[in-house]
Amino acid sequence: MKTIHCYMLLVCWKALCCYSCQLTNITIAVEREECEFCITVNATWCSGYCFTRDPVYKYPPASSVQQTCTFKEVVYETVKIPGCGDHPESFYSYPVATECHCDTCDTDSTDCTVRGLGPSYCSFSENGSK
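These numbers come from a predicted model, not from an experiment. (Residues numbered from 1 in each chain as written. Predicted model: local features only at pLDDT ≥ 70, side-chain atom pairs only at ≥ 80, totals over all residues. Heavy atoms only, no water.)

1. Side note on the overall build of the chain
On a plain count of helices and strands, the chain comes out with one helix and four strands. In the chain, the succession of helices and strands from N to C terminus is α-β-β-β-β. Residues classed as buried in the chain amount to 20% of the 130 residues present. The contacts in the chain between residues at least 6 apart in sequence include a share of 63% that link residues at least 24 apart. Taken as a whole, the chain presents about 10,200 Å² of accessible surface, with 56% of it coming from carbon and sulfur. (Helix = DSSP H or I, 4+ residues; strand = E, 2+ residues; numbered from the N terminus. Buried < 20%, exposed > 50% of the residue type's maximum accessible area, 1.4 Å probe, protein only. Contact = heavy atoms within 4.5 Å. Areas by Shrake-Rupley, 256 points an atom, 1.4 Å probe, with all protein chains shown as cover.)

Here it is in structure tokens:
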């Protein structure tokens, strides 16, 4: 019985005290307007929860900064999109996260909106027509 209590205590402690911001596999749609074609690629990105709080009383001198699960380090991979021939437009580079952490959202490099189009949105169908 002691073992079960210790296990439950460990699980609760991990859920409350530890961040669950980690790398996860995603599928994203890649397209070029010049090629009128869309393909999907697999990549890794950051997903999970970060400890944050929203105080009831807000004081201007001590602003509350919300943290999000974001990348700490990325590399860029390149894929060739069919339908463009050998033109430079046929290649598309996209970011792949290699390390994650909890931090404020950097609006210079990240879409920090609440709702976006999503990673699987594509303007063109798989066969190349709009």
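Read on for the rest.
2. Examining the nonpolar core
Residues I28, V30, C35, F37, I39, V41, A43, V79, I81, C84, Y94 and V96 constitute the largest nonpolar core, which totals 12 residues. Residue assignment for this core shows that the elements contributing at least two residues are β1 (22–32), β2 (37–47) and β4 (91–103). Per-element accounting of this core gives the leading share, four residues, to β2. Each residue touching A43, except ones within four places of it in the same chain, is listed here: T24, N25, I26, Y94 and V96. Ranked by size, the runner-up nonpolar core spans eight residues in total, among them C50, A97, C100 and C102. (Core = buried A, V, L, I, M, F, W, Y, C linked by side-chain atoms within 4.5 Å.)

3. What to know about the pattern of salt bridges
Summed over all chains, the structure comprises one salt bridge. Notably, a salt bridge pairs K72 with E99, separated by 3.9 Å at the nearest N-O pair. Taken together, the positions of K72 in strand β3 (residues 68–80) and E99 in strand β4 put the pair 27 residues apart, joining distant regions of the chain. For K72, a relative accessible area of 52% translates into the label exposed. (Salt bridge = Lys/Arg side-chain N within 4 Å of Asp/Glu carboxyl O.)

4. Observations regarding the pairing of β2
Relative to β2, β1 runs antiparallel, the two sharing 11 bridges. Bridging from a neighbouring strand, I26 pairs with A43 of β2. As consecutive antiparallel partners, β1 and β2 are separated by four residues, and within that stretch E36 has a phi angle of approximately 50°, a positive value. (Pairing = 2+ DSSP bridges.)

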